[in-house]
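These are the residues of each chain, in order.
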Amino acid sequence: MKKINYTLLMCVLVSTFYFSARQWTWSNSNGGPAGRTGAPTAGGSNELTCQGCHGGAINQGTNLLSLNIAGNPQSFQPSTTYDLTATFSNPGSGGHGFQVVALDPQLASTGTFIPGTGSKLVSGNGRQYITHNNPNNSSWTFKWTSPATLPSSVNF
């Protein structure tokens, strides 16, 4: 009887630790996991979005996220670094975040992101992303360097 109680107690403790640790690892106040942009994939589906963990509508209502490229270029030059800014239009209070990927027409990651204050790089599924590293910001500036051989278009 004592052995069964001991085993049951150990199962409860291990389960409590496991689920507590899992909940902790899902906390992404310093940036989400790679592949949460909703971007299309070569397989014909779309990546997940932030809704998987946060719920609610994304980029709707009065608080919209915009991505601006300094100088508003009409085209990119090879191997050139550009300043980008992701900004919420009506931030209010609470945490905010973003994740951006640059894709060529074949839906492959193109160019290289360089993080700025409050942002960081994450990689997954053969793609490079830039994401928030501080959810208390409502604007983040970072850089993107175009590839040496430019694709016909780049979608962020």
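I will try to describe carefully the structure that is included in this document. (Residues numbered from 1 in each chain as written. Predicted model: local features only at pLDDT ≥ 70, side-chain atom pairs only at ≥ 80, totals over all residues. Heavy atoms only, no water.)

### Side note on the packing of aromatic side chains
The description of an aromatic ring pair rests on the distance of the ring centres and on the angle between the ring planes. Applicable threshold: In this scheme Phe, Tyr and Trp rings, the latter by its six-membered ring, pair at centre separations within 6.5 Å, and the angle between planes marks the pair as stacked below 30 degrees, edge-to-face above 60, and tilted otherwise. Runs of E in the DSSP output that reach at least two residues are strands. Runs of H or I that reach at least four are helices, and both are numbered from the N terminus. Between buried and exposed lies partly exposed: a residue is buried under 20% and exposed over 50% of the maximum accessible area for its type, with that area taken using a 1.4 Å probe on protein chains only.
This structure, assessed with the given rule, holds 10 aromatic pairs. Aromatic side chains Phe113 and Phe142 sit 6.1 Å apart centroid to centroid with 65° between the ring planes, which places their arrangement in the edge-to-face category. Residue Phe113 is found in strand 4 (residues 112-114), and its partner Phe142 is found in strand 7 (residues 139-145); the two are separated by 29 residues along the sequence. Here Phe113 and Phe142 have matching classes, each one buried.

### Section: the sheet that holds strand 2 (residues 81-88)
As a reminder of what qualifies: Pairing between two strands is assigned when DSSP locates at least 2 bridges connecting them. Axes, fitted as lines to C-alpha atoms, cover a helix only where it is in contact. Angles between the N-to-C directions of the axes lie from 0 to 180 degrees.
Overall, antiparallel pairing links the 4 strands, which are arranged 1-2-7-4 in an open sheet. Of all the strands in the sheet, the pair left with one neighbour each is strand 1 (65-69) and strand 4. Each neighbouring strand pair of the sheet contributes to a mean axis angle of 30°, computed without reference to strand direction. Alignment of strand 4 against strand 7, held across 3 bridges, turns out to be antiparallel. Note that in strand 7 the partner of Phe113 across the bridge is Trp144.

### Considering the pattern of salt bridges
The line we're drawing: Salt bridge, as used here: a side-chain nitrogen of Lys or Arg that lies within 4 Å of a carboxyl oxygen of Asp or Glu.
Evaluated as defined, the whole model comprises 1 salt bridge. Asp83 is the partner of Lys143 in a salt bridge, and the nearest nitrogen-oxygen pair spans 2.5 Å. With Lys143 in strand 7 and Asp83 in strand 2, the pair connects residues that are 60 residues apart, well separated along the chain. Judged by its relative accessible area of 35%, Lys143 falls in the partly exposed class. Exposure remark for Asp83: the relative accessible area of 34% places this residue in the partly exposed category.

Nothing here speaks to function; it is geometry throughout.
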